Each structure stands twice: as C-alpha cells, then as structure tokens.
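# Secondary and tertiary structure notes
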Amino acid sequence: MDRLAQLQQFIGKEFDQSPSPFMKWLNPVVLSVEEGHLEFQYTVRPEWLNPIGNLHGGVTAAIVDDIIGATMFSLNENSFITTINNVIDYFSTAKESDNIVAETKIIKRGRQFVNAQCEIWNADKTRLIARGTSNLFKINNQV
C-alpha cells in the first residue's frame, strides 16, 4: 500500500499509527488527505499554553513542521524530504480545549526542493491563527 493510501485510512480518526513519536504526542484527528494536501484537527491541551493561557507559539510552529512533514509523506517520493527552514506568521490565538485545524498545500514541487504552506485555523475556519511556509530538500536515501 502506498503512503497516501496509508494516511487515507485514518480519515475521521486519530492518527495513532504515525511513524513520528512527536505526531503521536500531538494526537491529531485526520480530516482529509489528498496528495500534497492534508487537514488535521488538534485539541489545544493545557501543556500547549504559554503563561497567559494562549496556544504557545512554539507548539504552533511544531504543528506546522510536523504536518508539513506528513504532507511530504503523502507525495510517495522515493527520497526522504527534510526541512531546510520554517517561517511562521502569527495572527490570532487559541485557548485550552479549542479545536484547531491545520491545512497544508504544496506551493512548488521541484526536482530537489519543495515549498509547502500550512495554515492553522479555528475549528470553523473563520479565524486564521498562523501561517507557516517551509522549504524542504529531497535526500536521495530511499524510505
């Protein structure tokens, strides 16, 4: 079974079979999966908050990095694709128990480099919380 089909098995469920221990800790629910496009939902937990009770920027950045990594998995490349950089813009906040949705898309897919974007929204997608972009590099090691 290809990697895209593996991800699609989890639509509507918690992604508890991720090869990433960190993603298992984040505990997303898979909302949709297409090649190069994922939507995961997360519930903001107390340990994700900053001292004033908002979603910590570092956790936001980690979600961006992790779901973009899963998006690379959906491409079914024979190469491992690693992050070169992340740029995150923060627009709004989320509170404990809020559901947030992270949605990815590929901006450019080249022979060696991929540029991808992730937007994090409140549950009904009326408020953008953050937008991140990443440049990624294809390593010729087989996965």
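These numbers come from a predicted model, not from an experiment.

On to the layout of surface pockets, then. The space that makes up the largest pocket amounts to roughly 470 Å³. In terms of lining, the largest pocket is formed by 21 residues, of which the most central are Gly 69, Ala 70, Met 72, Phe 73 and Phe 80. Of all the elements in the fold, those that place two or more residues in the lining of the largest pocket are α1 (3-8), α3 (57-74) and β3 (79-90). A total of six residues in the lining of the largest pocket trace back to one element, the largest contributor, which is α3. Class assignment for the residues of the lining of the largest pocket results in eleven nonpolar, six polar and four charged.

Now for the packing of aromatic side chains. Summed over all chains, the structure comprises five aromatic pairs. Pairing Phe 10 with Phe 15 gives two aromatic rings, centres 5.0 Å apart and planes at 65°, and the pair type is edge-to-face. Residues Phe 10 and Phe 15 agree in their burial class; the two are buried. An angle of 50° between the planes, with centres 5.2 Å apart, marks the rings of Phe 113 and Phe 137 as tilted. Pair noted here: Phe 113 is in strand β5 (residues 113-122) and Phe 137 is in strand β6 (residues 128-142), with a separation of 24 residues, a long-range link.

All right, on to the pairing of strand β4 (residues 99-109) then. Note on strand geometry: in a regular strand, side chains alternate between the two faces of the sheet. Where strand β2 (residues 37-43) meets β4, five bridges bridge the pair, whose relative direction is antiparallel. Bridging across to β4, Phe 40 finds its partner in Ala 102. Across nine bridges, β4 lies against β5 in antiparallel orientation. For Glu 103, the partnering residue across the bridge sits in β5 and is Glu 119. Taking the residues that link successive antiparallel strands as the turn, the β4-β5 hairpin has three residues.

Applying the stated criterion to the full structure yields seven salt bridges. Arg 109 is paired through a salt bridge with Glu 35; the nearest N and O atoms lie 2.9 Å apart. You can see Arg 109 sitting in strand β4 and its partner Glu 35 sitting in the loop between β1 (29-34) and β2, a full 74 residues away along the chain. Ionic pairing is found between Glu 103 and Lys 125, a salt bridge with its closest N-O pair at 2.8 Å. Here Glu 103 is found in strand β4, whereas its partner Lys 125 is found in the loop between β5 and β6, with 22 residues between them in sequence. Taken together, the shared-partner salt bridges connect Glu 35, Glu 77, Arg 109 and Lys 138 into one network.

In the numbering used here, UniProt assigns the feature "domain: Thioesterase" (unreviewed entry) to residues 53-126. Span residues 53-126 is 24% helix and 45% strand, its end C-alpha atoms 21 Å apart.

In this section: the environment of Ile 107. Looking at where Ile 107 falls in the secondary structure, it is placed in strand β4. Taking the C-alpha atoms as reference points, Ile 107 and Asn 86, 21 residues apart in sequence, are found 14 Å from one another.

Looking now at unusual backbone geometry. Leaving glycine out, the prevailing phi sign among residues is negative, and the prevailing peptide bond configuration is trans. In this structure, Asn 76 takes a positive phi of about 55° despite not being glycine. Examined against the element boundaries, Asn 76 turns out to sit in the loop between α3 and β3. Located in the positive-phi region is Lys 125, a residue other than glycine, with phi close to 60°.

Thresholds applied
- Residues numbered from 1 in each chain as written.
- Predicted model: local features only at pLDDT ≥ 70, side-chain atom pairs only at ≥ 80, totals over all residues.
- Heavy atoms only, no water.
- 1 Å grid on protein atoms, 1.4 Å probe; cavity = no way out; pocket = protein on both sides within 12 Å on 5 of 7 lines; lining within 4 Å.
- Points joined across faces, edges and corners; volume = space filled by probe spheres on them.
- Helix = DSSP H or I, 4+ residues; strand = E, 2+ residues; numbered from the N terminus.
- Nonpolar A, V, L, I, M, F, W, Y, C, P; charged D, E, K, R; others polar.
- Phe/Tyr/Trp six-rings, centres within 6.5 Å; stacked < 30°, edge-to-face > 60°.
- Buried < 20%, exposed > 50% of the residue type's maximum accessible area, 1.4 Å probe, protein only.
- Pairing = 2+ DSSP bridges.
- Salt bridge = Lys/Arg side-chain N within 4 Å of Asp/Glu carboxyl O.
- UniProt positions renumbered as here; feature names shortened; annotations may be inferred.

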